[in-house]
Amino acid sequence: MKILFCSDALTIDGVASYILNTGAALRRAGHEVAVMGRWSFKKGFQSRYRQEGLTVITCPSIGVGNIYFDMRAKMFRPDVIMTDPRRSFPLAVRIKRITGAPIITYFLDPVEKTDRKGRDIESLVKYSSVFTSFEPETLKQLESLGSDVPVVRMTRPLDVFFAPSELPERKNFSILCFGRLSRYKTPGIFHILDNISELQRSIPDFRINILGGGGWRLLKLKHFARTLNKSLGRQCVNVIGTQLDPRKYIEESNLVLASATSVMEAAYSLRPVIAMCSGYFGLLTSDNFDEGLRSYFSERYGKKDFSGLIPDIVGVYRRYNDEDFRNDLREVSRRFGEDFSERETVRVFNEIMSGIQWHPKDPS
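Residues numbered from 1 in each chain as written. Predicted model: local features only at pLDDT ≥ 70, side-chain atom pairs only at ≥ 80, totals over all residues. Heavy atoms only, no water.

Enquirer: What am I meant to see in helix H3 (residues 67–76) here?
Expert: In an α-helix, one turn spans 3.6 residues; hence positions three or four apart end up facing the same way. The complete set of buried residues in H3 reads Phe69, Asp70, Ala73 and Phe76. With its buried residues spanning 130° around the axis, H3 presents them on a single face. With respect to the buried face of H3, the exposed residues turned more than 90 degrees away are Ile67, Lys74 and Met75. Those residues of H3 that are buried lie in contact with strand E1 (2–6), strand E2 (32–36), strand E3 (55–57) and helix H4 (89–99). Where H3 begins, the side chain of asparagine 66 points an oxygen toward the backbone nitrogen of tyrosine 68, at a separation of 3.0 Å. Phi turns positive, to about 55°, at arginine 77, one or two residues after H3. (Buried < 20%, exposed > 50% of the residue type's maximum accessible area, 1.4 Å probe, protein only. Helix = DSSP H or I, 4+ residues; strand = E, 2+ residues; numbered from the N terminus. Arc of directions from axis to C-beta. Contact = heavy atoms within 4.5 Å. Polar contact = N/O pair within 3.5 Å; in protein donor to acceptor, adjacent residues only side chain to side chain.)

Written out as structure tokens, the structure reads:
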């Protein structure tokens, strides 16, 4: 089967990551997979897509669609188009009109920002054959639309690129801040840096690696790090920036601070994870796993109070070698592995395609 993912700009973000992981899983299952999106002159996942055997269709473009994409879509002849409901949706509709392929629209965020023409609710319902998500609240939102578009729970696979690995020794305690450095996602990072003397008193050999891109915030954090390193007399805060493959940084870390998908990838890798975004969730455990999923691991909501962050970091440090603590890490990893697996993603995709074939939607 030929699967065409539509993307707006191929930049490294949640959509690009979803395409990489899901596309690779479907490619390994024997499908032919292509990714189409304009090049925005920024670092993207193009090289990793190609490494996984995905065809990359891209070119510089002012608009989301163009004649070159039309031509390549005709040549590829997709059996199905997969797209998010936002910037790339108009491209998917354009390709649908050319090829007649049905659209699977995957929601990585709640149903919102639908005021733009071409990606409003009416358009999403009219041109989508299936809606998918894995977040409980988003699935409820989609079902409440009252449309005839089937709503299917489809998880993204974590085990395509990540795997549980042994924890490194606690010496030189390494804290990884992992994720895009947007205003929404950086309050916790700045809280740590503002209170770094408190962290130093409890964990004298700590190191902080800050991984992710973010324009001027990246420069601000680099300046902040230089100031702190100078005041502490050692290189303990490292601002790494964007990396195409974060796996080695997760493997080398003792603790990960992140939100959303980054939490899932790190926790599945058997790392302690503190979930934080614009709000604070705290240490992910087997007891609060379901609550964490409902909040998409702090991405959707959390306490606007980061006062517990340093104590939680210190708590992980002190319990790091405790067997009960490590057993709980294994349980969290196991729960992710059961539900967010390559096998489960492929199984649900095959069921969706079977349903589309039996109940085709008018391509008009």
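Next, the rest of the story.
Enquirer: Is there a simple way to explain the nonpolar core in this structure?
Expert: Considering soluble globular proteins, one finds that nonpolar side chains tend to be buried as a cluster. Among the nonpolar cores identified, the biggest contains 59 residues, and Phe5, Tyr49, Met82, Ile104, Phe297, Phe336 and Phe349 are the most heavily contacted of them. Ranked by residues supplied to this core, first place goes to helix H1 (residues 14–28) with eight residues. Apart from the residues within four sequence positions on either side, phenylalanine 349 is in contact with Met1, Ile3, Leu26, His31, Val80, Met82, Ile104 and Met154. In terms of nonpolar packing, the next biggest core, distinct from the first, is built from 40 residues, Ile203, Phe206, Met276 and Val316 among them. (Core = buried A, V, L, I, M, F, W, Y, C linked by side-chain atoms within 4.5 Å.)

Enquirer: What is the right way to look at the environment of alanine 101 in this model?
Expert: When you line up the elements, alanine 101 lands in the loop between H4 and strand E5 (103–106). Counting along the chain gives 100 residues from alanine 101 to methionine 1, while the straight-line C-alpha distance between them is 12 Å. Contacts of alanine 101, omitting those with residues within four sequence positions, involve Pro78, Asp79, Val80, Ile81 and Lys96.

Enquirer: Quick question: what am I supposed to make of helix H13 (residues 309–319) here?
Expert: Within the span of H13, buried status applies to Leu309, Ile310, Ile313, Val314, Val316 and Tyr317. Taken end-on, H13 shows its buried residues confined to a sector of 155°, consistent with a single buried face.

Enquirer: Before we go on, may I ask you to explain the pairing of strand E13 (residues 280–283) in this structure?
Expert: Taken residue by residue, a regular strand's side chains alternate between the two faces of the sheet. With three bridges joining them, strand E12 (residues 273–276) and E13 adopt antiparallel strand pairing. Bridge assignment links alanine 275 to a residue of E13, and that residue is glycine 282. Between E12 and E13, which pair antiparallel and follow one another directly, the connecting turn spans three residues. (Pairing = 2+ DSSP bridges.)

Enquirer: What's the story with the packing of aromatic side chains in this structure? I'm lost.
Expert: Pairs of aromatic rings are described using the distance from one ring centre to the other and the angle between the two planes. This model, assessed by the stated rule, comprises 16 aromatic pairs. For the ring pair phenylalanine 134 and tyrosine 296, a centre distance of 5.5 Å and an interplane angle of 80° mean the geometry is edge-to-face. One end of the pair, phenylalanine 134, is in the loop between strand E6 (130–133) and helix H6 (136–144); the other, tyrosine 296, is in the loop between helix H12 (289–294) and H13, and 162 residues separate them in sequence. Note on accessibility: phenylalanine 134 and tyrosine 296 belong to one class, buried. Taking the centre distance of 6.3 Å and the plane angle of 65° together, the rings of phenylalanine 289 and phenylalanine 297 count as edge-to-face. The residues phenylalanine 289 and phenylalanine 297 share a single accessibility class, namely buried. Here arginine 28 stacks its cationic end above the ring of phenylalanine 161, 5.8 Å away from the centre of that ring. The side chain of arginine 326 reaches across the aromatic face of tyrosine 320, ending 5.0 Å from its centre. (Phe/Tyr/Trp six-rings, centres within 6.5 Å; stacked < 30°, edge-to-face > 60°. Lys NZ or Arg CZ within 6 Å of the ring centre and 35° of its normal.)

Enquirer: Whenever I open this one, the environment of glycine 241 confuses me. Can you help?
Expert: Topologically, glycine 241 is positioned in strand E10 (residues 237–241). It is 4.9 Å that separates the C-alpha atoms of glycine 241 and glycine 213, two residues lying 28 residues apart in sequence. Residue contacts for glycine 241: discarding those within four places in its chain leaves Ile210, Leu211, Gly212, Gly213 and Leu218.

Enquirer: Honestly, the sheet that holds E2 in this entry has me stumped. Any pointers?
Expert: Paired through backbone hydrogen bonds, the strands of a sheet run either parallel or antiparallel to each other. An order of E3-E2-E1-E4-E5-E6-E7 is seen for the seven strands of this open sheet, with the pairing classed as parallel. For this open sheet the edge positions go to E3 and strand E7 (151–153), each flanked by a neighbour on one side alone. On average, adjacent strands in this sheet sit at an angle of 25° to one another, irrespective of strand direction. The sheet strands contacting H1 are E1, E2, strand E4 (80–83) and E5, and the helix crosses E1 at an angle near 175°. Sheet strands touched by H3: E1, E2 and E3. Its angle to E2, the strand with the most contacts, is close to 175°. (Axes fitted to C-alpha atoms, helices over the stretch in contact; angles between N-to-C directions.)

Nothing here speaks to function; it is geometry throughout.
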